Amino acid sequence: EPEVTQTPSHQVTQMGQEVILRCVPISNHLYFYWYRQILGQKVEFLVSFYNNEISEKSEIFDDQFSVERPDGSNFTLKIRSTKLEDSAMYFCASSLQGARQVNTEAFFGQGTRLTVV
Amino acid sequence: DAKTTQPTSMDCAEGRAANLPCNHSTISGNEYVYWYRQIHSQGPQYIIHGLKNNETNEMASLIITEDRKSSTLILPHATLRDTAVYYCIVRYSGSARQLTFGSGTQLTVLP
């Protein structure tokens, strides 16, 4: 069964450093997303991406964050100058159709646990 | 998107049906009910969605009341691996908004 894969599974970084979280969405999917979940809290939407541009972002997704699809298979989240409060699980997801269509079920990866020290 | 209310936690005996309720009394006519689950620290997993008719797939059944103000997710034969947080999400298909996760229901399947 096709799945979304994320690497690394765990990333430890020092405060102020830049990190790149990587995702390989399901191959025929067109819409890509990043969510995060701080330990013990709700899953929060960060950004959606379609046709090589951001289609929607939340208030969390500020200038510290950026996304990119550098080639035909990878989808990355870059966090510049990480802060302690960026520590969370980051989930990548993909869907065949977008939010404005009916069958928009999103398939999530297993997440990257980011720890900022 | 309409607000949803779910019980904080539920238990179910292994092999029995798990019935997870969700209240969405402010749902509008063009809003869908989605269910996802999250097994401990894993990524959320899509289960099922529906508009007004009952739906069934290989994982679960979704029963939506006639007035659409509430719904029930049914896992027909719960196993230990179904222990997870279950999220009921109402969203408008025409909205660009993505999934908004609440606190969900922690379902614990007991041996």
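Residues numbered from 1 in each chain as written. Chains lettered and ligands numbered in written order. Predicted model: local features only at pLDDT ≥ 70, side-chain atom pairs only at ≥ 80, totals over all residues. Heavy atoms only, no water.

A. A look at the state of the cysteines. Residues and elements named next belong to chain B. All chains considered together, the criterion is met by 2 disulfides over all chains. With its sulfur 2.1 Å from that of its partner, C22 forms a disulfide with C88. The chirality of the disulfide connecting C22 with C88 is left-handed, given an S-S dihedral of about -80°. Of the two residues, C22 is situated in strand β2 (residues 18-23) and C88 in strand β8 (residues 84-92); the sequence distance between them amounts to 66 residues. As far as burial versus exposure is concerned, C22 and C88 are alike and both buried. The thiol of C12 is unpaired, and the distance to the nearest cysteine sulfur, on C22, comes to 18 Å. (Disulfide = S-S within 2.5 Å. Helix = DSSP H or I, 4+ residues; strand = E, 2+ residues; numbered from the N terminus. Buried < 20%, exposed > 50% of the residue type's maximum accessible area, 1.4 Å probe, protein only.)

B. Quick peek at the packing of aromatic side chains. All chains considered together, the criterion is met by 13 aromatic pairs over all chains. Judged by centre distance (6.0 Å) and plane angle (85°), the ring pair of Y35 of chain A and F101 of chain B falls under edge-to-face. Of the two residues, Y35 of chain A sits in strand β4 (residues 31-37) while F101 of chain B sits in the loop between β8 and β9 (105-110), which places them in two different chains. Across this residue pair, the class does not change: Y35 of chain A and F101 of chain B are buried. Ring geometry for Y87 of chain B versus F101 of chain B: centroids 5.1 Å apart, planes at 85°, classification edge-to-face. Remark: F101 of chain B occurs in the loop between β8 and β9 and Y87 of chain B occurs in strand β8; sequence separation between them is 14 residues. For the pair Y87 of chain B and F101 of chain B, a shared accessibility class is recorded, and that class is buried. Pairwise contacts between aromatic rings join Y35, F45 and F108 of chain A together with Y36, Y46, Y87 and F101 of chain B into one cluster. (Phe/Tyr/Trp six-rings, centres within 6.5 Å; stacked < 30°, edge-to-face > 60°.)

C. Up close: the nonpolar core. Within the largest apolar cluster, 23 residues are counted, with the highest numbers of intra-cluster contacts made by W34, L46, V67, F75, L77 and Y90 of chain A. Where this core is concerned, the elements lending two or more residues are β3 (19-24), β4, β5 (43-50), β7 (65-68), β8 (75-79), β9 (88-95) and β11 (112-116) of chain A. Here F75 of chain A is in contact with L21, R22, C23, P25, F32, Y33, W34, F49, V67, E68 and C92 of chain A, once residues within four sequence places are set aside. Membership of the second largest hydrophobic core comes to 21 residues, among which are C12, W35, I47 and L75 of chain B. (Core = buried A, V, L, I, M, F, W, Y, C linked by side-chain atoms within 4.5 Å. Contact = heavy atoms within 4.5 Å.)

D. Up close: unusual backbone geometry. Residue and element names in this part refer to chain A. Residue T7 is joined to P8 through a cis peptide bond whose omega torsion reads -15°. When you line up the elements, P8 lands in the loop between β1 (5-7) and β2 (10-13). Unlike most non-glycine residues, N51 shows phi in positive territory, near 55°.

E. A look at the sheet that holds β7 of chain A. Residues and elements named next belong to chain A. Pairing is antiparallel across the open sheet formed by 4 strands, whose spatial order is β1-β3-β8-β7. Looking at which strands have only one partner, the edges of the open sheet turn out to be β1 and β7. Direction aside, neighbouring strands of the sheet carry axes that sit 20° apart on average. Inspection of the sheet shows β1 paired to β3 by 3 bridges, in the antiparallel sense. Looking across to β3, one finds that Q6 is bridged to C23. (Pairing = 2+ DSSP bridges. Axes fitted to C-alpha atoms, helices over the stretch in contact; angles between N-to-C directions.)

Shape descriptors only; they carry no functional weight alone.
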